[in-house]
Amino acid sequence: MSIDALPRISEQSPGVTVSRRSPIKVIPALVRDPLRALPPEIYREPLVYSRVAGRERILLSDPALIHEALVRNADALSKGEDVRRALGPALGQGLLTADGAHWRWQRQSVAPAFRHEKLVGLLPAMIAAAERTRDRWLSAEPGAAVRIGHEMMRTTFDIIVDTMMSGPGGIDVAQVEKGITDYLKPTGWIFALSLLSAPEWLPYPGRSRARSAALYLRSEITRMIAERRASHDEREDLVSLLLAASDPETGRTMTDGEIADNLLTFMTAGHETTALGLAWTLLLLARHSQHEEKVVAEIKEVTGGGPVRPEHIAKLAYTRQVFSEAMRLYPPAPIITRTAVRSFPLQGFTVPAGAVIVVPIHAVHHHAALWEDPERFDPGRFSTEQVKGRHRYAYMPFGAGPRVCIGSAFATMEAVAILAVLLQSVRLHSQAGSMPAPLMRVTLRPRQDPELLVERR
Ligand code: HEM
């Protein structure tokens, strides 16, 4: 049927749940924590429609509808205002934030760095970074506490700069971590102002600190690119792929600004999310000793009690299941959004151009109709048999469609390697009984960086 024959989606459309929360409630909730601002119905219903300040927002948590929007109609969607306003000042028009031909060119240019054979070759660097973290922990006083979020950021940052940029080139990890935290802190304000279509010059708390953080990160990267151009070295990494990339349509190469956009994108998207996934995994294992023991037993069986080696990683199936289940409960990227650039069909309706599509991955992963006892931590959900019985998009920590995370295999390999090295040698204990509350700052962080006590195993 032609799209013109379909009725336009509206508050009256059959099968559509309408959220009638007033902007007076939604706006402050967005500023505090965008996850808490989601209409609660989206955790029970497939599609929720809302209209705030004249903007239509269509929230989807049904896997078939997500497939129809993000995969089948991907070319009708752009990343949109929320993403541009929140991330554009730091990441410019890099792979995560660009649209159309500019996005496609960049995706094709960096794809060779993510081929399976290439990733397997990065495993020794991943294991070595995990070993440095383990040795640092073991050399501390017995019973010392570690801030788990910070520790995982440090480890995954080491890995991203070692593997993708051939070393940190003098970049200060602690400054980068602080820079990213400062940058992300006021993003709730940005989403709220974007929802109200407020002008971009409007000041909000934390704005100037966020801008300074972005400038600091960019200046460090720009220095690194200049050094690399001057050195003419032949290293085969992401930097050289970007330096050599040429647009198939125009033949032009990337400017230093465009290369910086992408290096900043990979440096941030490529370590913070994995670090958070790992932090949540370790916090869960510290409270679920039966699953921790199963992981430790698997590592022992696969490694034979010796050091973790690259060929062991693919065999650590249960460890991978644990990481997957942690990302179900605490998806590091909990909400993704798009804007319709033209009208498109969805569930027998027409979604008009300009509508915002929200895919609350957190709600999909906790949805009452998709998961039995959704709040329970149960890595068994990711056994081969259980995965087979589920819709592909009932679980989507890495997104879906052509904009799916390019680093998903990298992240999974890295996470399993880090868990294997750490859990083989240390036991982590939590003094707090319950899990820390999550807080969304584009990514899903523990509200405060929790401490875990380290004990030699
Ligand atoms: C557990 C770790 C990770 C999670 C949960 C995650 C999640 C995601 C999600 C949900 C998206 C899609 C965003 C959207 O549709 O709007 C995405 C995109 C992206 N991710 Fe990841 N990511 C992770 C690790 C990584 C790593 C390790 C890298 C790089 C080495 C990376 C680089 C990117 C890039 C460049 C994009 C944009 C891709 C495009 O638009 O073509 N991510 N990620």
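Quick note: structure is the one above.
Note that this is a predicted model, so its numbers are computed, not measured.

What counts, and where the lines are drawn
- Residues numbered from 1 in each chain as written.
- Predicted model: local features only at pLDDT ≥ 70, side-chain atom pairs only at ≥ 80, totals over all residues.
- Heavy atoms only, no water.
- Helix = DSSP H or I, 4+ residues; strand = E, 2+ residues; numbered from the N terminus.
- Contact = heavy atoms within 4.5 Å.
- Areas by Shrake-Rupley, 256 points an atom, 1.4 Å probe, with all protein chains shown as cover.
- Lys, Arg positive; Asp, Glu negative; His and termini not counted.
- Charge placed at Lys NZ, Arg CZ, Asp CG, Glu CD.
- Near = heavy atom within 4 Å.
- Polar contact = N/O pair within 3.5 Å; in protein donor to acceptor, adjacent residues only side chain to side chain.
- Nonpolar A, V, L, I, M, F, W, Y, C, P; charged D, E, K, R; others polar.
- Pairing = 2+ DSSP bridges.
- Axes fitted to C-alpha atoms, helices over the stretch in contact; angles between N-to-C directions.
- Donors = N, O, S within 2.8 Å, 3.2 Å for Na, K, Ca; no water.
- Left-handed = near helix turned anticlockwise from the far one by under 90°.
- Core = buried A, V, L, I, M, F, W, Y, C linked by side-chain atoms within 4.5 Å.
- Buried < 20%, exposed > 50% of the residue type's maximum accessible area, 1.4 Å probe, protein only.
- Expected span 1.5 Å × (residues − 1).
- Phe/Tyr/Trp six-rings, centres within 6.5 Å; stacked < 30°, edge-to-face > 60°.

### Topic: the overall build of the protein
- Each helix and strand counted, the protein has 18 helices and 13 strands in total.
- Projecting the C-alpha coordinates of the protein onto the three principal axes gives extents of approximately 65 × 55 × 45 Å.
- Long-range pairs, those at least 24 residues apart, make up 76% of the contacts in the protein between residues at least 6 apart in sequence.
- Summed over its atoms, the accessible surface of the protein is roughly 19300 Å², and 55% of this surface lies on carbon and sulfur atoms.
- If you average the places of the 55 positive and of the 50 negative side-chain charges in the protein, the two averages end up 4 Å apart.

### Overview of the site of the ligand
- Taken together, 26 residues lie around the ligand, and W103, R107, R338, R403 and C405 are the ones closest in.
- Within the side chain of R107, a nitrogen or oxygen atom sits 2.7 Å from an oxygen atom of the ligand.
- A distance of 2.8 Å is found between an oxygen atom of the ligand and a side-chain nitrogen or oxygen belonging to R403.
- When residues of the shell around the ligand are traced back to their parent elements, those giving at least two are helix 4 (100–110), helix 12 (256–269), helix 13 (272–285), strand 6 (336–340) and helix 18 (408–425).
- Of the residues belonging to the shell around the ligand, the class tally is 17 nonpolar, five polar and four charged.

### A short note on the sheet that holds strand 10 (residues 426–429)
- Read across the open sheet, the three strands follow the order 5-13-10; overall the sheet is antiparallel. The open sheet is flanked by strand 5 (145–147) and strand 10, the only strands paired with a single partner. Here the strands of the sheet are splayed against their neighbours by 40° on average, with no regard to which way each runs.
- With three bridges connecting them, strand 5 and strand 13 (residues 451–456) associate as antiparallel partners. Counted as the bridge partner of A145 is L453 from strand 13.

### Points about the coordination of the iron atom of the ligand
- Counting protein donors around the iron atom of the ligand gives one, C405 (SG), at 2.3 Å.
- On the secondary structure map, C405 appears in the loop between helix 17 (384–388) and helix 18.

### Here we look at the packing of helix 3 (residues 80–91) against helix 9 (residues 187–195)
- Where helix 3 meets helix 9, the closest approach of the two axes is 9 Å, and the angle between their N-to-C directions is 145°. In this structure, the crossing between helix 3 and helix 9 has a hand that is right-handed. Packed against helix 3, whose contacting residues are E81, D82, R85 and A86, the element helix 9 presents T187, I190, F191, L193 and S194 at the interface.
- Each residue belonging to the contact of helix 3 with helix 9 can be placed in one class, and the counts come to four nonpolar, two polar and three charged.

### Some points on the nonpolar core
- Counting residues in hydrophobic clusters, the biggest one holds 122 residues, and the most contacted among them are W137, M152, L263, M267, L282, I313 and F410.
- Considering every element that reaches this core, the biggest residue donor is helix 18, with eleven residues.
- V16, V18, I66 and I357 belong to the second-largest nonpolar core, a separate cluster that totals 27 residues.

### A few points about unusual backbone geometry
- The phi dihedral of Q347 falls on the positive side, at around 50°, and the residue is not glycine.
- Here Q347 lies in the loop between strand 7 (344–346) and strand 8 (349–351).
- Taking the relative accessible area as the measure of exposure, Q347 reaches 35% and is therefore partly exposed.
- Non-glycine residue D373 carries a positive phi angle of around 45°.

### Some words on helix 7 (residues 148–165)
- When the terminal C-alpha atoms of helix 7 are compared, their 25 Å separation across 18 residues agrees well with the 26 Å that a helix rising 1.5 Å per residue should span.
- Following helix 7 by one or two positions, S166 has its phi on the positive side, about 55°.

### Concerning the packing of aromatic side chains
- Under the defined criterion, the tally for this structure stands at five aromatic pairs.
- For the pair W280 and Y330, a centre-to-centre distance of 3.9 Å together with 0° between the ring planes defines the contact as stacked. Of this pair, W280 sits in helix 13 while Y330 sits in the loop between helix 15 (317–329) and strand 6, placing them 50 residues apart in sequence. The same class applies to W280 and to Y330, which are both buried.

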